[in-house]
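Analysis of the macromolecular model
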Amino acid sequence: MNFEYFIAKRIISSKSYKSSISAPIIKIGIAAIAIGLIVMMIAIATGIGLQQKIRDKVVAFNGHVLITNYDSNNSEESITPISTDQEFYPEFKEVEGVGHIQAVASKFGIIRTETDFEGAYLKGVGADYNWKYFQEFLIEGKLPDYTNKRNEDVLVSQYLANRLELKLNETFQMVFPKEDPEKLPNIITYTIVGIYNSGFQDFDANYLVGDIRHIQRINKWKKDQIGNFEVFINDYDELTEKGIEIYENTPSTLNTQTITHKYGSIFEWIKIFDTNIYGIMGIMILVAGINMITALLVLILERTQMIGILKALGSSNWSIRKLFLYNASYLIILGLFWGNILGLGLLFAQKYLKLFPLDPSVYYVTEAPVFISASYVIALNIGTLVLCLLMLLVPSYIITKISPVKAIRFD
């Protein structure tokens, strides 16, 4: 039988332990561990969740890598066409890990209603378009179908629909000005078949999705000419590596750009979340550790006579230290238990009930997203337990300085 564990268990289970002078301090220590774990779990879950959500929304509108022409065009409008007659299209076989490639084009126009107007880009897509992300964003109606003949069905954002007072199945005109202002513009009457809300206001305010063949006709392009290619990879963590590979496997006349490069300011901003997470974790573990050190010192002070008796009976300093470390481990585990219960409860409540909304103009999402994974929950629990115990090794050294004679006489 483990002698130290046996004694620690008897101390923990005794009634005097629960009603002793140290009881309030012990409860504070347990609460500190629980609160620290809750805060760390929320910081990681919301930090990673926000990063992934923002990243996915940028990917939804651009793909992971964009293949475009070299030109001086700084707008989102497609000016110089690219032929779809490429070795990498419709399947990018040269680069392993590419999941999908699609041809798109953009054209600026003015949405005109009876009472209002708004400038926006028509993102033209075709039969090869992957609707995976927009399926998640869809809040009303259906996704348009461009696999058959050219049609005037469009997908409009909730932001634009509210701003222009448009509703599902209504029609509106979109005016596409020509380079020569003296020439009459192209006017197309579109029908709203679906309304989406990505929560990314920068995109929602500027894009509606329609048939690419309208843009080809307006620009007088051939059927095999498009604005640019959007490439989707299977693993985002390999984005930089795959971006280089894609660049090396495309013609020298074409340029490639990863979304982290195109939207550098957004991705640099979300990288700051990592620093915040590490900072919060460090502070919380430090606070929890200090509270546990205080609790341990009080426990040692309260059990000074017992320490003297154990030393007089032949127990080594390390044996007595282990006894108190077992005791402290119980308190830490108790704090972790309640921390997990409350922390996971809050995270699941936010995930399914959407309790805490966010301003999409600032955070690019409408509510605080959470990422829940067993891996980081387990790592947090183990890490907190180990680090707190390591911090307790130093104060437990005070036991070696206690004299048996003085300790037994201690009152």
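Residues numbered from 1 in each chain as written. Predicted model: local features only at pLDDT ≥ 70, side-chain atom pairs only at ≥ 80, totals over all residues. Heavy atoms only, no water.

1. Regarding the confidence of the model for the protein chain
Per-chain confidence: the protein chain averages 86 in pLDDT, with 93% of residues scoring 70 or above. Put simply, helix α2 (residues 15-18) is where the protein chain has its lowest mean pLDDT, 56, and strand β6 (residues 153-157) is where it has its highest, 94. (pLDDT = per-residue confidence, 0-100. Helix = DSSP H or I, 4+ residues; strand = E, 2+ residues; numbered from the N terminus.)

2. Focus on a negative patch on the surface
On the surface, a cluster of negative charge is contributed by Glu-96, Asp-235, Asp-237, Glu-238 and Glu-241. Note on placement: Glu-238 falls in the loop between β11 (228-233) and α8 (239-248). Taking relative accessible area as the criterion, Glu-238 reaches 30% and is therefore assigned partly exposed. (Patch = residues over 30% accessible without salt bridge, like charges linked within 9 Å, V, L, I, M, F, W, Y side chains within 5 Å. Areas by Shrake-Rupley, 256 points an atom, 1.4 Å probe, with all protein chains shown as cover. Salt bridge = Lys/Arg side-chain N within 4 Å of Asp/Glu carboxyl O. Lys, Arg positive; Asp, Glu negative; His and termini not counted. Charge placed at Lys NZ, Arg CZ, Asp CG, Glu CD. Buried < 20%, exposed > 50% of the residue type's maximum accessible area, 1.4 Å probe, protein only.)

3. Structural notes on the nonpolar core
A general trend in soluble globular proteins is that nonpolar side chains are found buried together. With 71 residues, the main nonpolar core has Ile-67, Trp-131, Phe-134, Phe-172 and Leu-208 as its most contacted residues. Beyond its immediate sequence surroundings of up to four residues, Phe-172 is in contact with Ile-111, Arg-112, Thr-113, Val-154, Val-156, Leu-166, Ile-188, Thr-189, Tyr-190, Ile-192 and Leu-208. With 37 residues, the next largest nonpolar core counts Met-292, Leu-325, Val-370 and Ile-402 among its residues. (Core = buried A, V, L, I, M, F, W, Y, C linked by side-chain atoms within 4.5 Å. Contact = heavy atoms within 4.5 Å.)

4. Some details on the packing of aromatic side chains
Scanning the entire structure with this criterion turns up 24 aromatic pairs. Ring centres of Phe-108 and Tyr-121 lie 5.4 Å apart, and the angle between their planes is 70 degrees; on these two criteria the pair is classed as edge-to-face. Of this pair, Phe-108 sits in strand β3 (residues 98-112) while Tyr-121 sits in strand β4 (residues 117-125); the two residues are 13 residues apart in sequence, bridging distant segments of the chain. Taking the relative accessible area as the measure of exposure, Phe-108 reaches 32% and is therefore partly exposed. A cation over a ring is seen here: Arg-55 above Tyr-236, with NZ or CZ 4.2 Å from the ring centre. In this structure, Lys-132 is placed above the aromatic ring of Tyr-133, and the distance from its NZ or CZ to the ring centre is 5.2 Å. (Phe/Tyr/Trp six-rings, centres within 6.5 Å; stacked < 30°, edge-to-face > 60°. Lys NZ or Arg CZ within 6 Å of the ring centre and 35° of its normal.)

5. A closer look at a nonpolar patch on the surface
Side chains of Phe-348, Tyr-352, Leu-353, Leu-355 and Phe-356 sit close together on the surface and give an oily, nonpolar patch of about 570 Å² of accessible area. Along the chain, the position of Leu-355 falls in the loop between α12 (317-353) and α13 (360-363).

6. Brief notes about the pattern of salt bridges
Taken as a whole and judged by the stated rule, the model has 8 salt bridges. Glu-77 is the partner of Lys-107 in a salt bridge, and the nearest nitrogen-oxygen pair spans 3.3 Å. With a gap of 30 residues between them, Lys-107 in strand β3 and Glu-77 in the loop between β1 (65-69) and β2 (82-83) connect regions that are remote in the sequence. Looking at Lys-107, the relative accessible area reads 10%, which means it is buried. According to the relative accessible area criterion, Glu-77 is buried, its value standing at 18%. One salt bridge connects Glu-245 with Lys-242, and the closest N-O pair in it is separated by 3.6 Å.

7. Section: α12
In this model, α12 (37 residues) spans 53 Å end to end at C-alpha, consistent with the 54 Å of a helix rising 1.5 Å per residue. Phi for Lys-354, located one or two positions after α12, is positive at around 55 degrees. (Expected span 1.5 Å × (residues − 1).)

8. Thoughts on the packing of helix α3 (residues 23-62) against helix α10 (residues 264-302)
The contact between α3 and α10 brings their axes to 8 Å, and the two run at 170 degrees. It follows that α3 is roughly antiparallel to α10 by the angle criterion. Looking at the contact of α3 with α10 residue by residue, the class counts come to 28 nonpolar, 6 polar and 3 charged. (Axes fitted to C-alpha atoms, helices over the stretch in contact; angles between N-to-C directions. Parallel < 35°, antiparallel > 145°, perpendicular 65-115°, else oblique. Nonpolar A, V, L, I, M, F, W, Y, C, P; charged D, E, K, R; others polar.)

9. Overview of the side chain of Glu-230
Within the fold, Glu-230 resides in strand β11. A polar contact of 2.8 Å, which involves the side chain of Glu-230, links it to the side chain of Gln-102. With near-sequence residues (within four places) excluded, Glu-230 lies in contact with Phe-61, Asn-62, Gly-63, Val-65, His-100, Ile-101, Gln-102, Val-104, Lys-123 and Tyr-129. (Polar contact = N/O pair within 3.5 Å; in protein donor to acceptor, adjacent residues only side chain to side chain.)

10. Digging into the side chain of Lys-57
Position of Lys-57 relative to the elements: it lies in helix α3. Of the side chains with opposite charge, Glu-367 lies nearest to the buried Lys-57, which makes no salt bridge, at 6.4 Å. Within the structure, the side chain of Lys-57 is placed 2.3 Å from the backbone oxygen of Ser-198, a separation counted as a polar contact.

11. Some words on the environment of Asn-148
Within the element layout of this structure, Asn-148 appears in the loop between β5 (138-141) and β6. Here Asn-148 falls in the exposed class, since its relative accessible area comes to 57%. Separated by 21 residues in sequence, Asn-148 and Ala-127 place their C-alpha atoms 7.9 Å apart.

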